[in-house]
Amino acid sequence: MVIEALDLQNYRNYELLGMTFSPQTNILYGDNAQGKTNILEAIYVAGTTKSHRAGKDREIIAFDSDEAHIKMLVRRHNIPHRIDMHLKKAKAKGVAIDGIPIKRAVDLLGIINIVFFSPEDLNIIKSGPAERRRFMDMELSQLNKIYLSNLVNYNKVLVQRNKLLKELSFNMTDELLSTLDIWDMQLVHYGRSIIDGRIKFVEELNDIISSIHSNLTGSKEKLVVEYAPYTTAERLEDMVSASRDKDIRYKSTGIGPHKDDLVFYINGQDVRKYGSQGQQRTTALSLKLSEIELVKKLTKDNPILLLDDVLSELDSNRQNYLLNSIGDIQTIITCTGLDEFINNRININKVFKVTN
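The model shown is predicted, which means the values in this text are computed figures rather than measured ones. (Residues numbered from 1 in each chain as written. Predicted model: local features only at pLDDT ≥ 70, side-chain atom pairs only at ≥ 80, totals over all residues. Heavy atoms only, no water.)

Q: It is not clear to me how the overall build of the protein chain should be interpreted in this structure. Could you clarify?
A: In terms of regular secondary structure, the protein chain is built from 11 helices and 14 strands. What you see for the protein chain is a C-alpha radius of gyration of 22 Å, in line with the 21 Å of a compact globule of 356 residues. Across its three principal axes, the protein chain shows a C-alpha extent of roughly 70 × 50 × 35 Å. Going through the 356 residues of the protein chain one by one, you find that 50% of them count as buried. Carbon together with sulfur atoms contributes 47% to the accessible area of the protein chain, which is approximately 17200 Å² in total. Charged side chains in the protein chain number 47 positive and 47 negative. The centres of these two groups are separated by 1 Å. (Helix = DSSP H or I, 4+ residues; strand = E, 2+ residues; numbered from the N terminus. Rg over C-alpha atoms; globule rule 2.2 N^0.38 Å. Buried < 20%, exposed > 50% of the residue type's maximum accessible area, 1.4 Å probe, protein only. Areas by Shrake-Rupley, 256 points an atom, 1.4 Å probe, with all protein chains shown as cover. Lys, Arg positive; Asp, Glu negative; His and termini not counted. Charge placed at Lys NZ, Arg CZ, Asp CG, Glu CD.)

If you want it as structure tokens, here you go:
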């Protein structure tokens, strides 16, 4: 799969932009704060409906505009597709594939698979569980439409259940309690599917990440990823039931996969708690390289790789390993200069200088 062209209108600092890409290595270079990352973000938004930076749609629309447009031409299995996205400050975004409007994100995800690697991805290792859940959910959503559908439904149920818990805290009636039973059943149903999907994902991830990390560290370190669910699929129903009084008291759902976590172990030690900054960076790099291999394995195709100023975060050995791992994958890289590519004799197919 490759991205052939990208057009932006009123997207962040771009009033109008048109680009065509090489199917191999593309470099966007220039000083900081010129808009390089905005281009990668637009590609990610067009492919997943969400920004890697999180936030609201209105934050990525130019300040003096009420709406923005993204058009992206992609090719998968030699079949061309056009993705049109209409972002609005006051309304939900509109998305069309090949000129046909879609109503659900599930219809877009899977047309292309994107692996995005930026310095912020260190937060997957260093920050709280929410970052690691987001990583799992974004990768699984691109690879598995059933998982995405279950996740969307689970989040809707979670919102409605929390709303009902707030009502019950000051208006405890039999009618409202019977409604809570219905939300509990749905929470358990979708929650079990999410837990099962995450278990399988982590198993597949471990099959790949161990050898990559071993190669990166000269066989000195063994990396293992452990899924840490708040509760198992088998116990979820009992745990939700047992937590009901507490949930009403705190007006929030305390049990479920929205509380899950991932733990990364190097030689048996928790990397987040005990790993050095270098080990945390290498773990993040191993994770992203594993994403690439996982997409290849499950889709029988290459993902698009977006690298946002990550080379400056890595030492020369890890830079070389990453750049030599790209192979025939379409890669779009942002950086402040071209020296690292020239010095390492990395083949560059297309270069853009980004200014103002």
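Q: Help me understand the side chain of Asn26, please; the structure alone is not making it clear to me.
A: Tracing the backbone shows Asn26 in strand E3 (residues 25–29). Engagement of the side chain of Asn26 in a polar contact is seen with the backbone nitrogen of Ser22, the distance being 2.8 Å. Leaving out residues up to four positions away in the same chain, Asn26 has contacts with Phe21, Gln330, Thr331, Ile332, Ile333, Lys350 and Phe352. (Polar contact = N/O pair within 3.5 Å; in protein donor to acceptor, adjacent residues only side chain to side chain. Contact = heavy atoms within 4.5 Å.)

Q: Hey, could you run me through helix H4 (residues 145–168) in this one?
A: In an α-helix, one turn spans 3.6 residues, which is why side chains three or four residues apart end up on the same side. Between its first and last C-alpha atoms H4 spans 34 Å; for 24 residues at 1.5 Å apiece the expected length is 34 Å, and the two agree. Looking only at H4, the buried set comprises Tyr147, Leu148, Asn150, Leu151, Tyr154, Val157, Leu158, Arg161, Asn162, Leu164, Leu165 and Leu168. The secondary structure elements touched by the buried residues of H4 are helix H3 (129–143), helix H5 (174–216), helix H6 (236–242) and helix H7 (244–250). Put simply, Asn144 is the residue that caps the front of H4, since its side-chain oxygen is 2.9 Å from the backbone nitrogen of Ile146. (Expected span 1.5 Å × (residues − 1).)

Q: Can you help me understand the environment of Tyr11 in this one?
A: Among the secondary structure elements, Tyr11 is positioned in strand E1 (residues 2–11). Between the alpha carbons of Tyr11 and Pro303 there is a distance of 24 Å; along the sequence they are 292 residues apart. Excluding its chain neighbours within four sequence positions, the residues that come into contact with Tyr11 are Asn38, Glu41, Ala42, Val45, Ile60, Ala68, Ile70 and Leu87.

Q: Which parts of the structure should I look at to understand the packing of aromatic side chains?
A: Aromatic ring pairs: the centre-centre distance and the angle between the two ring planes describe each pair. Counted according to the given criterion, the structure contains three aromatic pairs. Ring geometry for Tyr44 versus Phe116: centroids 5.6 Å apart, planes at 85 degrees, classification edge-to-face. Here Tyr44 is found in helix H1 (residues 36–48), whereas its partner Phe116 is found in strand E8 (residues 114–117), with 72 residues between them in sequence. The same class applies to Tyr44 as to Phe116, namely buried. (Phe/Tyr/Trp six-rings, centres within 6.5 Å; stacked < 30°, edge-to-face > 60°.)

Q: So what exactly am I meant to see when it comes to the packing of helix H9 (residues 277–299) against helix H10 (residues 316–325) here?
A: Helix packing for two helices is described by the angle between their axes and how far apart those axes are. Contact geometry of H9 with H10 gives a least axis separation of 12 Å together with a crossing angle of 5 degrees. With respect to H10, the axis of H9 lies roughly parallel. Along the contact surface, H9 presents Thr282, Leu285 and Leu289, while H10 presents Arg318, Tyr321, Leu322 and Ser325. Within the contact of H9 with H10, the residues separate by chemical class into four nonpolar, two polar and one charged. (Axes fitted to C-alpha atoms, helices over the stretch in contact; angles between N-to-C directions. Parallel < 35°, antiparallel > 145°, perpendicular 65-115°, else oblique. Nonpolar A, V, L, I, M, F, W, Y, C, P; charged D, E, K, R; others polar.)

Q: Help me understand unusual backbone geometry in this model?
A: A negative phi angle is the norm for most residues apart from glycine, just as the trans form is the norm for most peptide bonds. In this structure, His77 is a non-glycine residue whose phi angle is positive, near 50 degrees. Structurally, the position occupied by His77 is in the loop between strand E4 (67–76) and strand E5 (79–88). Taking relative accessible area as the criterion, His77 reaches 52% and is therefore assigned exposed. Although it is not a glycine, Lys251 sits at a positive phi angle of roughly 60 degrees. Its location among the elements puts Lys251 in the loop between H7 and strand E10 (261–266).

Q: Would you mind going over the sheet that holds strand E13 (residues 331–335) with me for this structure?
A: Remark on secondary structure: sheet strands pair via backbone hydrogen bonds, oriented parallel or antiparallel. The five strands are arranged E8-E12-E13-E3-E14 in an open sheet whose pairing can be described as parallel. Where the open sheet ends on each side, the last strands, each with one partner, are E8 and strand E14 (350–353). For this sheet, the mean angle separating the axes of adjacent strands, direction not counted, is 15 degrees. Bridging between E3 and E13 involves five bridges; their strand directions are parallel. The partner of Ile27 across the bridge, within E13, is Ile333. (Pairing = 2+ DSSP bridges.)

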